[in-house]
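# Structural description and commentary
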There are 2 protein chains.
Amino acid sequence: MVDCGEGAQVQLRRSGLSFEKLGHIFITHLHGDHCFGLIGIISTFGLLGRIATLHIHAPEELRPMLQAQLDMFFNYDIGYKVEFHGVDTKKQQVIYEDRSLTVETIPLNHRMPCAGYLFREKPSLPHIRREMIDLYNIPVSQINNIKSGQGYTLSDGTLIPHEKLVTPADAPRSYAYCSDTRYMPELHKMVKGVNTLYHESTYAQDKKDGAEKYYHSTAQQAAMVARDAQAGKLLLGHYSARYNDETVLLKEAQEIFPNTYLTDEMKVFDV
Amino acid sequence: MVDCGEGAQVQLRRSGLSFEKLGHIFITHLHGDHCFGLIGIISTFGLLGRIATLHIHAPEELRPMLQAQLDMFFNYDIGYKVEFHGVDTKKQQVIYEDRSLTVETIPLNHRMPCAGYLFREKPSLPHIRREMIDLYNIPVSQINNIKSGQGYTLSDGTLIPHEKLVTPADAPRSYAYCSDTRYMPELHKMVKGVNTLYHESTYAQDKKDGAEKYYHSTAQQAAMVARDAQAGKLLLGHYSARYNDETVLLKEAQEIFPNTYLTDEMKVFDV
C-alpha cells in the first residue's frame, strides 16, 4: 500500500483485497491525507488476529509518533509486530527488495520531506511451451532447468535447444508513484522508462503559479515528466477540490502525453 | 459531537450539519473507534479556514498525544485554537455549561477509563400567545418582560395576568450517552428521568458472560438501566459484528423496556 489516508481501511475492505496480503505500507510524507489512516488500519489488523509483521516505510519523523500511538492505544500489545523503517526522502535508493521486486525512493519537492516510490519487478523466467513438453514427453523434473536456460536431450541423444522449448519472459513491469510535488524538470531521469507513472496533478495550467506556490503540479507538468521519462502510461490524481469535473486536467495533459488517464477512488489500472 | 471514530468527518459532511456549529467534542474513552477520527477532523477544520476555538473534552491521557500530533502535523499553526479539557472519568460532575445546557460526566465501567455524557437542557421561557399580543396590542418592547413572568397593564389600568399571555415552557430535554460499559446496576441513578438514553448493547442475552468478560453489556441490561431510570426512550448501539440482523437485540430489550430503538449510521432520533 502506498500512503494511508483516513478511511483507507474502509476502502481496502471495499476493494475485496485480502488484508493478510498487505505486508508493507509506504508513506510518502506526513500530511494527514497520506497517513491519518495508519493507526486505524494497524488497530483493525490487531482486532482481526493478525500475526504477521507489518512493515511501515515512512519519513523518520513519523517513528516516535507511531510508537507513542502503539504504546498508548494498544498498551504495548497489539498481537503482532509493527516494524518501522525510516525513509531518507533526499536520496534515490533501493529500500526494499524481495524475490520478485525492488522498491526505490524518489526524492520529491514538497513543503515537507516527501518521497515517491518506484516499484520494479525483477526479470522473470521464460514461459514453457506446453505443446513442446507434450511433443517430446519431457518429465516435470526438467521444467525448472529448462526455464533457467537449459535445453533438453532426448533419449536418442538429440538436443532440443532451450529457445525452442520456451517463449520469452514477460518484460518486468514498473510503477512509479509521485505525490505530492512541485514540477521537477529532472524527475524524468529517476523514472526513465517506467511502465506506469502516477504523478500528482493538482491544478490546470491557469493555476500554474498556484502550483509553484503550494508545492504542487499542473496536469501538463505531470505530462511533461511522463513524456520526458518515456513512460508507458500516465495516471493523474490529487485533484484540487476546485474541479468538479477533472476532464480539463485530462485534456491538458493529453496534449503533451496522449496515453494519460484520470484516477479515481476504487478505479483499477493495469501496470 | 460525542466520540469521533475514524471517518467521522466524512459522516459529518454527509449529515449536512454545519462544520462551524461544532464547538465541542466529547470523547468517552481512548479506544480507536471512539477517537481515531479526531486528528482528521481537526485538520480538515484548519484547511476550511476555521477560526473559532474547538474544545476537546476527553480523558486526560489523550492530552499529550493530541498535542504531539498538533505540533507535528501542523507545525504549531493550524489557524485556530484547539483547547483540551481533561475529563475525570471517575466522578459524576458538570464539566460544561452555557446559557442553554449543561453536560455532566457519567463514570462507566470499561476496560479503560471511560465516561459517558449527560446533556441537560436548561429550563426555557414560556411561549408568548400571539393572539393575546394582537388582542391587547402589546408592544414588542414588553415581550421579554412577559416571557420573564410579568403581566401587562392596559392603558385603562387593567392588569392582564402573565398566565393568560403565555403557554408553558417546553419541558427541558435530556440525553445520556453511555458507551462502552459493563452492566452497572446503579447507573440508572445517574441518568434518572432522562428523556433519551443511549446505552451500548454489544450482545444478546446468550452472550451475557462474554459481555461481563469484555466489559460490555447485553441489550437486556441496557433495557434494565432504561427501565430503572424511568427513561423516556432507549437507543441501542455498538452491536457486535456477530449480528447480521440486530432485531434479536431489539426484541430482547423491548421485553424489558418497550420504547426501545435500534440506532444505525445516519439515522436521526428526536430527544
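Residues numbered from 1 in each chain as written. Chains lettered and ligands numbered in written order. Predicted model: local features only at pLDDT ≥ 70, side-chain atom pairs only at ≥ 80, totals over all residues. Heavy atoms only, no water.

### Comments concerning the overall build of chain A
Counted only if it meets this: Numbering of helices and strands starts at the N terminus; helices are DSSP runs of H or I of at least 4 residues and strands are runs of E of at least 2. Two residues qualify as a contact provided that any one of their heavy atoms is within 4.5 Å of a heavy atom in the partner residue. To be clear on the numbers: accessible area is Shrake-Rupley with a 1.4 Å probe, and residue cover counts the displayed protein chains and nothing else. Note on charges: Lys and Arg go in the positive column, Asp and Glu in the negative column, and His and the chain ends are not counted at all. In plain terms, the charge of a residue is placed at NZ if it is Lys, CZ if Arg, CG if Asp and CD if Glu.
Within chain A, the regular secondary structure consists of 11 helices and 14 strands. Dimensions of chain A along its principal axes, counting C-alpha atoms only, are 75 × 55 × 35 Å. Residue pairs in contact within chain A that sit at least 24 positions apart in sequence constitute 64% of those at least 6 positions apart. Accessible area of chain A: about 14000 Å², with a carbon and sulfur share of 50%. Of the side chains in chain A, 28 bear a positive and 33 a negative charge, and the two mean positions are spaced by 2 Å.

### Quick look at the packing of aromatic side chains
Keep this limit in mind: Two aromatic rings from Phe, Tyr or Trp, using only the six-membered ring of Trp, form a pair when their centres are within 6.5 Å; if the ring planes differ by under 30 degrees the pair is stacked, by over 60 it is edge-to-face, and anything between is tilted. Over a ring means this: the NZ of a Lys or the CZ of an Arg is within 6 Å of the ring centre and within 35 degrees of the ring normal.
In total, this model carries 16 aromatic pairs over all chains according to the counting rule given. Between Phe26(A) and Phe119(A), the aromatic rings sit 5.5 Å apart at their centres with planes inclined by 90°, giving edge-to-face as the arrangement. Of the two residues, Phe26(A) sits in strand E1 (residues 24-26) while Phe119(A) sits in strand E6 (residues 115-121), which places them 93 residues apart along the sequence. Clustering of aromatic rings is evident, with ring pairs tying together Phe26(A), Tyr96(A), Tyr117(A), Phe119(A) and Tyr175(A). The ring of Tyr80(B) carries Arg50(B) above its face, with NZ or CZ at 5.5 Å from the centroid. In this structure, Arg182(B) packs its charged tip against the face of Tyr215(B), placed 3.7 Å from the ring centre.

### Topic: the environment of Lys147(A)
All names here are of chain A. Let me state the cut-off plainly: For every residue, the accessible area obtained with a 1.4 Å probe (protein chains only) is divided by the maximum for its type, and the residue is called buried under 20%, exposed over 50%, and partly exposed between those limits.
Tracing the sequence through the fold places Lys147 in helix H6 (residues 143-147). The partly exposed category is assigned to Lys147, whose relative accessible area is 29%. Placed 71 residues apart in sequence, Lys147 and Thr218 show a C-alpha to C-alpha distance of 46 Å. With near-sequence residues (within four places) excluded, Lys147 lies in contact with Leu125, Pro126, Ile128 and His162.

### Things to note about the pairing of strand E11 (residues 174-178) of chain B
Residues and elements named next belong to chain B. Operational definition: DSSP calls a pair of strands paired once it identifies at least 2 bridges connecting them.
Of all the 5 residues making up E11, 4 are buried; the element is thus mostly covered by neighbouring parts of the structure. Note: strand E6 (residues 115-121) against E11, 4 bridges, orientation antiparallel. Bridge assignment links Tyr117 to a residue of E11, and that residue is Tyr177. The pairing of E11 with strand E12 (residues 196-200) spans 4 bridges and is parallel. The residue of E12 that forms the bridge with Tyr177 is Tyr198.

### Describing the interface of chain B and chain A
The line we're drawing: Once two parts are joined, some of their accessible surface, as seen by a 1.4 Å probe, is lost; buried area is that loss totalled over both. Here, a salt bridge means any side-chain nitrogen of Lys or Arg that lies within 4 Å of a carboxyl oxygen of Asp or Glu. As used in this structure description, the phrase polar contact means that two N or O atoms lie within 3.5 Å; if the pair is within protein, one of them must be able to donate a hydrogen and the other to accept it, and residues adjacent in sequence are counted only when both atoms belong to side chains. Note that Gly is not counted as nonpolar here; it falls among the polar residues with everything else outside the nonpolar set of Ala, Val, Leu, Ile, Met, Phe, Trp, Tyr, Cys and Pro and the charged set of Asp, Glu, Lys and Arg.
Contact with chain B, which involves 20 residues of that partner, is made by 20 residues of chain A. Taken together, both faces of the contact between chain B and chain A bury some 1500 Å²; the carbon and sulfur share is 71%. At the junction of chain B with chain A, the criterion picks out 0 salt bridges. Run the count over chain B and chain A and you get 4 residue pairs in polar contact (both at pLDDT 80 or more). Mapped onto the side of chain B that touches chain A, the elements with two or more residues apiece are helix H1 (8-15), helix H3 (38-47) and helix H4 (62-74) of chain B. The element best represented in the side of chain B that touches chain A is H4(B), accounting for 7 residues. Split into classes, the residues belonging to the side of chain B that touches chain A amount to 11 nonpolar, 7 polar and 2 charged.

### Comments concerning the pattern of salt bridges
Residue and element names in this part refer to chain B. Within the structure shown, the criterion is met by 18 salt bridges over all chains. The salt bridge involving Glu121 is made with Arg173; its shortest N-O contact spans 2.7 Å. In this pair, Glu121 is assigned in strand E6 and Arg173 in the loop between strand E10 (166-167) and E11, connecting sequence segments 52 residues apart. On the basis of relative accessible area, Glu121 is assigned to the partly exposed category, the value being 31%.

Honestly, that's just the spatial picture; any functional story needs more than this.
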